[in-house]
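Notes for the structure review
Residues per chain are reported as follows:
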Amino acid sequence: MIRLTVDLIAKSSSHFKNRRNCPLSQYLKKLTHLNFSNRNIDDIDDLSMCRNLTVLYLYDNQITHICSLSFASNLTHLYLQNNHITHIENLSSLQNLSKLFLGGNSITVVEGLEQLKELKELHIEGQRLPPGEKLIFDPCTVLALSGSLSVLNINDNNIDEIHELAVLNKLTHLYAADNQLQDVQELEVVFSQWPQLHRMDLRGNPVCHTPKYRDRLITVCRKLEDLDGKEINELSRQFLINWKASKEAKKKVRSERIMTREITYPLSADFHLGPQHPSAQNRAGFLGKRKPLEFGRPSIKMRSDPVWTDCIGVSMSRRVKIPASARLATEMQESWKSQS
């Protein structure tokens, strides 16, 4: 493995040619760009002599820890993709850092960026996560980045929710493809708080199969110009916005009508039939007033279902089916005859 040192920089062919007759210390002091990508570097030595460094390329190496960068207060771009970094650390002194590239590492928590007040782009896509785990965001870090961050790349990190990112209200670009996002309502709530969002990529998420997914996000993100790699036509956006407004207005009117009906007729027997319907009046009358009983008339309940009984003049072993109403009528006639 190789350690990045001042001597290694001095021996580099590209820097050796640029030095010419300039002393090493003076050359390192003037150095603004340093590219040691894909060099099998696993550690960073003291590079404090490169105090004017603004861009540092260290991607495609074997680095496991971020260290020895406290000298680089002027650094604006840091490229650390495709290493073996597990934690974001030792970056608090990079006060002028505006772009940070950490994709393709083994980071599980986005943290340690609270002091980077000028950070505008964070690229942390494709982390090599343990099976079943997802990339997590530290709330303190997210809140600290809300004042500056405009570009966020979190592609392919098994993320299934982003509600904790709602405070990033200065985002203009979001790349969250190939995750596990599936709740379109959550996305609507979050995106409604990002008024400056211009470009977004959510391809490869389950939410993309939700009915009206594209229409719903376009109506929420009023300045969105590109969704999932497809340009948004302004005429189509305005049509969807008007359609949504009309739908909500109709829903509001319908709700107000139902509320008015319930307030006006709170005791109606049937709210759907209305107070003028005959059926509703009959039910209301039945509940309110009863017809007075007519005294003096015997109350007889007649059975209509057929019963088996013995027939007069026929042997007892033979039975015929006689309606109950006929039998009762016969008994009443015989009773009146005996009384008379």
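Everything here concerns the structure above.
Conventions and cut-offs
- Per chain, the residues get numbers from 1 upward, laid out in the order the sequence is written.
- In view of the model being predicted, local features appear only for residues whose pLDDT reaches at least 70, and side-chain atom pairs are presented and counted only at 80 or more, with totals across whole chains, interfaces and linings using the full set of residues.
- Water and hydrogen atoms were dropped before computing side-chain values, which therefore reflect all heavy atoms in the structure.
- Two rings belonging to Phe, Tyr or Trp (six-membered ring only in the last case) form a pair when the distance between their centres is within 6.5 Å. Interplanar angles under 30 degrees mark stacking, angles over 60 mark edge-to-face geometry, and anything in between is tilted.
- Runs of E in the DSSP output that reach at least two residues are strands. Runs of H or I that reach at least four are helices, and both are numbered from the N terminus.
- Categorising residues by exposure relies on relative accessible area from a 1.4 Å probe, with only protein chains included: less than 20% of the type maximum marks a residue as buried, more than 50% marks it as exposed, and the intermediate range marks it as partly exposed.
- By definition, a salt bridge exists where a carboxyl oxygen of Asp or Glu is found within 4 Å of a side-chain nitrogen of Lys or Arg.
- Any residue with relative accessible area above 30% and no salt bridge may belong to a patch, with like charges joined within 9 Å and the nonpolar Val, Leu, Ile, Met, Phe, Trp and Tyr side chains within 5 Å.
- Every accessible area reported is derived by Shrake-Rupley at a probe size of 1.4 Å, with residue values counting cover from the shown protein chains alone.
- This count recognises Lys and Arg as positive and Asp and Glu as negative, with His and chain-terminal groups excluded.
- Note that the charge is assigned to NZ on lysines, CZ on arginines, CG on aspartates and CD on glutamates.
- What makes two residues a contact is simply this: any of their non-hydrogen atoms within 4.5 Å.
- Polar contact is defined as a pair of N or O atoms within 3.5 Å, subject to the rule that within protein one atom must be able to donate a hydrogen and the other to accept it, and that residues adjacent in sequence are counted only when both atoms are side-chain atoms.
- A pair of strands is considered paired only if DSSP assigns at least 2 bridges between the two.
- Working convention: axes come from line fits to C-alpha atoms, limited for helices to the stretch in contact. Angles between N-to-C directions cover 0 to 180 degrees.
- Geometric relationships in this document are graded by angle, where less than 35 degrees denotes roughly parallel, more than 145 denotes roughly antiparallel, 65 to 115 denotes roughly perpendicular, and other angles denote oblique.
- Crossing chirality is assigned from the near helix's rotation relative to the far helix, an anticlockwise turn below a right angle marking it left-handed and a clockwise turn marking it right-handed.
- Charged residues are taken to be Asp, Glu, Lys and Arg, nonpolar residues to be Ala, Val, Leu, Ile, Met, Phe, Trp, Tyr, Cys and Pro, and polar residues to be all remaining types, Gly included.

For the structure shown, the criterion picks out 4 aromatic pairs. Relative to Phe-101, the ring of Tyr-79 has its centre 4.4 Å away and its plane inclined at 10°; by these criteria the two rings are stacked. Residue Tyr-79 is located in strand β5 (residues 77-79), and its partner Phe-101 is located in strand β6 (residues 99-101); the two are separated by 22 residues in the primary sequence. For the pair shown, Tyr-79 and Phe-101 are each scored as buried. Centre to centre, the rings of Phe-191 and Trp-194 are 5.4 Å apart; their planes meet at 45°, and the pair counts as tilted. We note that Phe-191, like Trp-194, is buried. Here a set of aromatic residues connected by ring pairs shows up, and it is made of Tyr-57, Tyr-59, Tyr-79 and Phe-101.

Moving on, we get to the pattern of salt bridges. Per the counting criterion, the structure on display carries 9 salt bridges. Between Glu-188 and Arg-216 there is a salt bridge, and its shortest N-O distance comes to 2.9 Å. With Glu-188 in helix α5 (residues 184-191) and Arg-216 in helix α6 (residues 213-220), this residue pair connects regions lying 28 residues apart in the sequence. The buried category is assigned to Glu-188, whose relative accessible area is 17%. Classification of Arg-216 as partly exposed rests on a relative accessible area of 24%. Arg-203 is the salt-bridge partner of Asp-201, the closest N and O atoms lying 2.8 Å from each other. In this structure Arg-203 comes out as partly exposed when scored by relative accessible area, which is 44%.

Side chains of Lys-251, Arg-254, Arg-257 and Arg-261 sit close together on the surface and give a patch of like positive charge. Relative to the helices and strands, Lys-251 is located in helix α7 (residues 234-264).

Mapped onto the fold, Trp-194 is located in the loop between α5 and β12 (199-201). Measuring from C-alpha to C-alpha, the distance between Trp-194 and Val-167 comes to 8.3 Å, with 27 residues separating the pair along the chain. With residues up to four places along the chain from it excluded, the contact list for Trp-194 reads Leu-165, Ala-166, Leu-168, Asn-169, Leu-171 and Leu-174. At a separation of 3.4 Å, a polar atom in the side chain of Trp-194 contacts the main-chain carbonyl oxygen of Leu-165.

A word on the sheet that holds strand β2 (residues 33-35). With respect to topology, 10 strands assemble into an open sheet ordered β2-β4-β5-β6-β8-β10-β11-β12-β13-β14, the strand pairing being mixed. Bordering the open sheet on either side are β2 and β14 (230-231), each of which pairs with just one other strand. Pairing of strand β10 (residues 151-153) with strand β11 (residues 173-175), which is carried by 3 bridges, proceeds in the parallel orientation. Looking at the pairing, Val-151 lines up with His-173 of β11.

Further remarks concern the packing of α5 against α6. Closest axis-to-axis distance for the α5/α6 pair is 9 Å, and the angle between their directions is 15°. Classified by the interaxial angle, the pair formed by α5 and α6 is roughly parallel. The chirality of how α5 crosses α6 is right-handed. The residues of α6 that touch α5, namely those facing Val-184, Gln-185, Leu-187, Glu-188 and Phe-191, are Arg-216, Leu-217 and Val-220. Per-class residue counts for the contact of α5 with α6 are 5 nonpolar, 1 polar and 2 charged.

What follows deals with α5. With 6 of 8 residues buried, α5 is to be regarded as a mostly interior element. The set of residues buried in α5 consists of Val-184, Glu-186, Leu-187, Glu-188, Val-190 and Phe-191. If you follow the buried residues of α5, they end up packed against β11, β12 and α6. For α5, the N-terminal capping position is held by Asp-183, with its side-chain oxygen 3.0 Å away from the main-chain nitrogen of Gln-185.

Attention now moves to unusual backbone geometry. Despite not being glycine, Asn-90 has its phi angle at roughly 55°, a positive value. Overall, Asn-90 belongs to the partly exposed group, its relative accessible area being 46%. Of note, Lys-212 is a non-glycine position whose phi angle comes to about 60°, a positive value. The topology assignment puts Lys-212 in the loop between β12 and α6.

With respect to the helices, strands and loops of the structure, His-33 is situated in strand β2. On the accessibility criterion, His-33 (44% relative accessible area) is partly exposed. Remark: the alpha-carbon pair of His-33 and Asn-52, spanning 19 residues in sequence, is separated by 9.0 Å. What His-33 contacts, discounting residues up to four positions off in sequence, is His-15, Leu-53, Thr-54 and Val-55. A polar atom in the side chain of His-33 sits 3.0 Å from the side chain of Thr-32.

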